[in-house]
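If you want the building blocks of each chain, they are given just below.
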Amino acid sequence: MRRAQSDAPIALLTDFGYRDHYAGAMKGVLASIAPDAVLLDITHGVPPQSIAAGAITLRESWRFFPSRTVFLVVVDPGVGTSRLPIAVETRAGARFVGPDNGVLSLAARDAGISRAVRLESTRHRLASPSSTFHGRDIFAPAAAFLSRGTPLGTLGSAVARIKPLHLPKPDGTANGIRGEVLYVDGFGNLITNISRKDVARLHSSFPGKQVSVRIRGGAPMKILNTYGEARPGTILATFGSFELLEIAVRDASAATRLGCGVGATVVARMARS
Amino acid sequence: MRRAQSDAPIALLTDFGYRDHYAGAMKGVLASIAPDAVLLDITHGVPPQSIAAGAITLRESWRFFPSRTVFLVVVDPGVGTSRLPIAVETRAGARFVGPDNGVLSLAARDAGISRAVRLESTRHRLASPSSTFHGRDIFAPAAAFLSRGTPLGTLGSAVARIKPLHLPKPDGTANGIRGEVLYVDGFGNLITNISRKDVARLHSSFPGKQVSVRIRGGAPMKILNTYGEARPGTILATFGSFELLEIAVRDASAATRLGCGVGATVVARMARS
Amino acid sequence: MRRAQSDAPIALLTDFGYRDHYAGAMKGVLASIAPDAVLLDITHGVPPQSIAAGAITLRESWRFFPSRTVFLVVVDPGVGTSRLPIAVETRAGARFVGPDNGVLSLAARDAGISRAVRLESTRHRLASPSSTFHGRDIFAPAAAFLSRGTPLGTLGSAVARIKPLHLPKPDGTANGIRGEVLYVDGFGNLITNISRKDVARLHSSFPGKQVSVRIRGGAPMKILNTYGEARPGTILATFGSFELLEIAVRDASAATRLGCGVGATVVARMARS
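Only a predicted model underlies this, so the values are computations on that prediction, with no experimental measurement involved.

Q: I'd like a rundown of the sheet that holds strand β6 (residues 113-118) of chain A, residues and numbers included.
A: All names here are of chain A. Taken in spatial order, the 6 strands line up as β2-β1-β3-β5-β4-β6 in an open sheet, and their pairing is mixed. Every interior strand has two partners, whereas the edge strands, β2 (39-43) and β6, have only one. Each strand axis lies, on average, 20° off the axis of its neighbour in the sheet, ignoring direction. Note that strand β4 (residues 85-90) and strand β5 (residues 95-99) share 5 bridges and pair antiparallel. The residue of β5 that forms the bridge with Glu89 is Arg95. In the packing of helix α1 (residues 22-33) onto the sheet, contacts are made with β1 (10-14), β2 and β3 (70-74), and the angle to β1 comes to roughly 160°. Along the sheet face, helix α4 (residues 134-148) touches β1, β3, β4 and β5 and points at about 170° away from the line of β3.

And the structure:
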């Protein structure tokens with residue numbers, strides 16, 4: 001017996017952490033309005049108030065969910081101020097609900113924005129919403145109504161454009177690419193803004209040569225296929241599941257070992273040969 | 001297709017943390033007895049053995065859940081000793097299952113206790129329960145049976161009264177209120193025992209004057225509507241989602257910045273003008 | 001209304017942590033292939049790359065789940081190398097999916113292995129699997145198909161034997177047993193490899209005498225029935241929910257107090273009397 005088509009799954013992504021009841025209170029609201037929707041936690045461990053980290057984890061996960069999933073995304077340092085609460089529909093089918101501060105923008109752009117509204121319908125939020133917890137009072141109700149089939153336009157009036165998030169882009173150099181660390185994961189892997197395509201382009205410009213990678217001027221490394229090709233404890237470069245160049249230490253944390261974090265410089269260039 | 005009325009959602013709140021299988025083993029027991037119940041994690045990150053923190057997070061979340069939800073609450077430093085395992089029915093519809101050590105009392109009182117029993121039916125617990133893990137062996141089975149519609153009285157005999165938890169109350173002073181920090185959340189916000197009503201009463205006693213707030217004798221602050229009204233990095237006072245006065249730092253941790261925790265003194269008084 | 005027999009619950013156990021979207025992306029894949037399966041998180045907090053800790057938490061939890069549960073277990077330091085991805089069927093009904101590095105072996109042996117296959121069917125994995133995230137690309141699809149009733153043999157060819165994990169065993173001494181700490185839980189309890197049976201055997205060899213326990217040559221302790229029998233803050237020995245001897249501190253962390261971890265020596269012997 002399949003669930004009714006109208007109850008789409010709801011995936012949650014927040015920076016609420018795991019100590020308090022904040023994510024739990026949102027689930028209570030979701031279950032009250034959409035009792036048959038499947039709730040799926042992506043993570044509540046986004047670093048507090050880190051819009052970029054939230055946007056990156058959403059971009060890296062949304063495409064693996066069922067196509068009509070409603071993503072409830074709350075990383076919201078400006079809660080209660082003039083930033084808008086919004087909901088977005090996309091050509092890929094995914095819906096995104098959260099603050100218009102850039103956290104939705106990378107995933108929504110990938111999914112193809114077809115329409116966005118500001119959440120203003122008082123019938124689709126809790127009565128007397130607080131000014132500090134829109135996740136519970138405004139975003140969760142909106143996500144639950146979308147899951148049940150409420151049309152997007154019922155929630156509020158159209159917004160012409162959602163706020164973009166501009167991540168730093170890598171620069172080309174004479175014989176390579178200079179990028180930087182965008183994201184540090186829980187294993188301490190350092191994920192950069194240099195894509196597999198960037199490196200492929202480099203290869204095709206310098207046929208027959210090998211690419212070598214350095215972080216913060218350290219020793220040059222070849223790019224391996226996976227972590228396990230390195231000896232335990234050694235530093236390595238690979239294309240991880242983000243399809244981005246990452247610096248890792250086999251069975252340990254590169255962030256700790258190298259003392260590096262977001263913004264550290266990483267250079268890929270053709271090895272002298 | 002709605003789920004059958006008899007399978008109420010089960011919400012979990014414990015101090016088991018996220019490292020071990022303890023919460024997972026409870027979910028296995030719940031799913032074995034009540035396979036159609038929706039399981040909703042509130043949090044497993046209550047500070048270890050902190051009955052007050054568990055009681056506060058339960059009080060702040062239960063009302064957002066569907067009315068017949070069964071709350072499975074395990075913060076149980078006295079497991080295996082003489083403290084009773086209990087289940088509570090309330091006039092609001094919510095049911096609470098856990099140890100009778102005060103952790104249920106704030107929420108149960110708010111929901112209006114109509115009946116409580118001690119969990120003594122050996123048919124409604126696992127065979128040979130351990131003396132260290134009643135969450136898995138006694139509380140989870142009881143919650144699952146309640147979710148499926150087993151009447152409360154089947155689980156054991158009535159208890160006349162559940163153990164209360166007495167949180168410190170604020171004191172009135174000549175021109176204000178002296179309270180203290182009750183709870184520190186994962187963002188480092190310091191939640192006090194001074195309510196919005198307490199401050200409204202102060203306002204009505206001193207019409208036309210403004211309230212100012214100090215923590216541990218620090219600089220006086222006005223009360224803002226939300227975090228985002230302060231400049232990033234500054235200390236502020238606001239009424240958060242608990243409807244209690246809280247001390248926060250915009251985009252940072254007040255607990256770390258001020259070196260304060262549970263018990264720190266907070267004073268709200270009429271500003272000289 | 002019960003769910004169809006073919007959609008078995010899926011229980012997740014990984015070392016992915018709670019900061020990133022890794023566990024979330026797996027849930028998206030599971031929900032895409034098996035939208036009606038109930039997903040149950042055991043934990044994602046296994047210490048990174050700790051195969052032994054993963055194997056122990058799985059052994060301690062699998063038997064509490066519904067009998068046809070599919071366990072999706074990813075602690076996989078060798079991802080992308082020659083270690084096989086496997087699925088195991090057992091006489092108890094449980095199915096296990098994960099890397100063949102020992103992490104499945106303790107539970108699978110307890111459940112009684114009836115058949116194991118390597119995961120090689122390209123129709124039962126994501127297209128173009130990455131070399132760093134088999135949890136999402138290979139293991140999650142296999143678990144979802146098993147949940148929906150796909151026969152094990154469809155996923156790949158039989159493997160004769162899965163890789164065992166050898167935990168250290170306790171040694172008999174003249175008048176006792178010398179064991180060691182196998183696992184440290186999130187409360188800081190030190191779980192050893194000395195079982196309740198081992199101690200019962202000791203008792204029967206020395207009738208009328210009491211067993212005393214020492215860790216790292218510290219003061220001898222009697223074995224209590226539960227944590228709450230000790231005074232707050234004192235060190236104690238008990239048989240916890242693992243049915244193994246554990247060293248704990250009432251309402252505090254034994255690991256922190258004693259500065260002990262995995263491998264610390266624990267001796268149980270007959271007290272002089």
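Moving on from the model shown.
Q: Tell me what's going on with the confidence of the model for chain A, and back it up with residues and numbers.
A: For chain A, mean pLDDT is 94; residues scoring 70 or higher make up 97% of the total. Model confidence for the complex: the whole-complex pTM is 0.96, and ipTM, which rates the interface, is 0.95.

Q: An account of the domain arrangement of chain A is requested, with residue identities and associated values reported.
A: All names here are of chain A. Along its sequence, chain A is carved into domain 1 (10-155) and domain 2 (171-270). Contact with domain 1, which involves 5 residues of that partner, is made by 5 residues of domain 2. A buried area of about 400 Å², summed over both sides, lies between domain 1 and domain 2, and 72% of it is on carbon and sulfur atoms. Put simply, domain 1 and domain 2 have 0 salt bridges between them. Here the side of domain 1 that touches domain 2 is composed, by residue class, of 2 nonpolar, 1 polar and 2 charged.

Q: For the relation of the copies chain B and chain A, give the residues involved together with the corresponding values.
A: Once chain B is rotated about the relating axis by 120° and shifted along it by 0.0 Å, it coincides with chain A to within an RMSD of 0.0 Å. On the angle and the small slide along the axis, the relation comes out as a three-fold axis. When the interface residues of chain B are mapped onto chain A, a mere 8% of them are again interface residues, pointing to distinct binding faces.

Q: How would you sum up the interface of chain B and chain C? Please name residues and give values.
A: Across the contact, 33 residues belong to chain B and 38 residues belong to chain C. In total, about 2,900 Å² of surface goes out of reach between chain B and chain C, with carbon and sulfur atoms giving 53% of it. The three residues of chain B that bury the most area against chain C are Arg19, His21 and Thr132 of chain B, which together make up 23% of that side's buried surface. If you look at where chain B meets chain C, you find 0 salt bridges. Elements with a contribution of two residues or more to the side of chain B that touches chain C: α1 (22-33) and α4 (134-148) of chain B. Within the side of chain B that touches chain C, the residues separate by chemical class into 15 nonpolar, 9 polar and 9 charged.

Q: Tell me about the interface of chain B and chain A, and name the residues and values.
A: At the junction of the two partners, chain B supplies 38 residues and chain A supplies 33 residues. Between chain B and chain A, a total of about 2,900 Å² is buried, with carbon and sulfur atoms accounting for 53% of that surface. Run the count over chain B and chain A and you get 0 salt bridges. Our count for the chain B to chain A interface comes out at 13 residue pairs in polar contact (both at pLDDT 80 or more).

Q: Which residues make up unusual backbone geometry, and what values do they have?
A: With a phi angle near 65°, Gln49 of chain A is a residue other than glycine that sits in the positive phi range. Within the element layout of this structure, Gln49 of chain A appears in the loop between β2 and α2 (51-61). You will see that Ser128 of chain C, though not glycine, has its phi angle at about 50°, which is positive. Structurally, the position occupied by Ser128 of chain C is in the loop between β6 (113-118) and α4 (134-148). A residue is classified by how much of its surface remains accessible, and Ser128 of chain C, at 71% relative accessible area, is exposed.

Q: Residues and numbers for the packing of helix α1 (residues 22-33) of chain C against α4 of chain C, please.
A: All names here are of chain C. Axis separation between α1 and α4 bottoms out at 9 Å; the angle between their running directions is 35°. Of the two elements, α1 crosses α4, and the hand of that crossing is right-handed. Packed against α1, whose contacting residues are Ala25, Met26, Val29, Leu30 and Ile33, the element α4 presents Gly135, Arg136, Ala140, Pro141, Ala143, Ala144, Phe145 and Arg148 at the interface. Per-class residue counts for the contact of α1 with α4 are 10 nonpolar, 1 polar and 2 charged.

Q: Explain the side chain of His21 of chain C to me, using residue names and the numbers behind them.
A: Mapped onto the elements, His21 of chain C comes out in the loop between β1 (10-14) and α1. Setting aside residues no more than four positions away along its own chain, His21 of chain C makes contact with Ile42, Thr57, Glu60, Ser61 and Phe242 of chain A.

Q: So what's going on with the pattern of salt bridges? Residues and values would help.
A: Residues and elements named next belong to chain B. Across all of its chains, the model carries 30 salt bridges over all chains by this definition. Between Asp41 and Lys27 there is a salt bridge; the shortest N-O distance is 3.0 Å. You can see Asp41 sitting in strand β2 (residues 39-43) and its partner Lys27 sitting in helix α1, a full 14 residues away along the chain. Here Asp41 and Lys27 have matching classes, each one buried. The partner of Arg250 in a salt bridge is Asp251, with the nearest N and O atoms 3.2 Å apart.

Rules of the game
- Residues numbered from 1 in each chain as written.
- Chains lettered and ligands numbered in written order.
- Predicted model: local features only at pLDDT ≥ 70, side-chain atom pairs only at ≥ 80, totals over all residues.
- Heavy atoms only, no water.
- Pairing = 2+ DSSP bridges.
- Helix = DSSP H or I, 4+ residues; strand = E, 2+ residues; numbered from the N terminus.
- Axes fitted to C-alpha atoms, helices over the stretch in contact; angles between N-to-C directions.
- Contact = heavy atoms within 4.5 Å.
- pLDDT = per-residue confidence, 0-100.
- Domains from an automatic or database assignment.
- Buried area = accessible area lost by both parts, 1.4 Å probe.
- Salt bridge = Lys/Arg side-chain N within 4 Å of Asp/Glu carboxyl O.
- Nonpolar A, V, L, I, M, F, W, Y, C, P; charged D, E, K, R; others polar.
- Least-squares fit on C-alpha atoms with pLDDT ≥ 70 in both.
- Polar contact = N/O pair within 3.5 Å; in protein donor to acceptor, adjacent residues only side chain to side chain.
- Buried < 20%, exposed > 50% of the residue type's maximum accessible area, 1.4 Å probe, protein only.
- Left-handed = near helix turned anticlockwise from the far one by under 90°.

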